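Topology and contacts: notes
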Amino acid sequence: QVQLVESGGGLVQAGGSLRLSCAASGRTVSTYSRGWFRQAPGKEREFVAAINWGGATSYTDSVKGRFTISRDNAKNTVYLQMNSLKPEDTAIYYCATATNYYTDYTSNDKYNYWGQGTQVTVSS
């Protein structure tokens, strides 16, 4: 089993920055792919960013150039640095871990462990 705990959410003004962290426990996840998703009120959960087991990254178009996903395998932690935040980034952000191997990690069904989420609110 893998437990995931997100932290770093909060309230920020438009144009500001936040750094989300997701710590894994239960077993090492350094050989697995990690992802961030978000869900805004009344909307479906959507892909934000992923970093695969080899370190390759992918992003949804709306956050490219503003968000950066990274991982520290020694700490079993994945990060999401969010810059130039916009009100439309407001959502609950979830981290996830995929223990199977795919060529693409942009869909929910690739991930089998999820955190509880952390709220990010961007005011205009």
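Residues numbered from 1 in each chain as written. Predicted model: local features only at pLDDT ≥ 70, side-chain atom pairs only at ≥ 80, totals over all residues. Heavy atoms only, no water.

Focus: the overall build of the protein
As a reminder, the rule being used: Every helix listed is a DSSP run of H or I at least four residues long, and every strand listed is a run of E at least two residues long, numbered separately from the N terminus. Just to be clear, the radius of gyration here is over C-alpha atoms, and the globule rule we use is 2.2 Å times residues to the power 0.38. The classification of residues rests on relative accessible area computed with a 1.4 Å probe and restricted to protein chains. Under 20% of the type maximum is buried, over 50% is exposed, and intermediate values are partly exposed. Here the accessible surface of atoms and residues is derived via Shrake-Rupley with a 1.4 Å probe, and residues count as covered only by protein chains that are part of the display.
Helix and strand counts for the protein stand at 0 helices and 11 strands. The C-alpha atoms of the protein give a radius of gyration of 13 Å, which matches the 14 Å a tight globule of 124 residues would have. Seen through its principal axes, the protein has C-alpha atoms that stretch 40 × 25 × 25 Å. For the protein, with 124 residues in total, the buried portion stands at 44%. For the protein, the accessible area works out to roughly 6,200 Å², and carbon and sulfur atoms hold 47% of it.

Describing the side chain of T99
Selection rule: Within 3.5 Å is the distance limit for a polar contact, defined as a pair of N or O atoms, with the added protein rule that one can donate a hydrogen and the other accept it, and that residues adjacent in sequence qualify only through two side-chain atoms. Note on contacts: a residue pair is in contact if any heavy atoms of the two residues lie within 4.5 Å.
If you trace the backbone, T99 turns up in the loop between strand 9 (91–98) and strand 10 (113–114). T99 sits in the buried class, given a relative accessible area of 15%. A distance of 2.5 Å separates the side chain of T99 from the side chain of N112, its partner in a polar contact. Those residues in contact with T99, other than ones at most four positions away along the chain, are R27, Y32, N112 and Y113.

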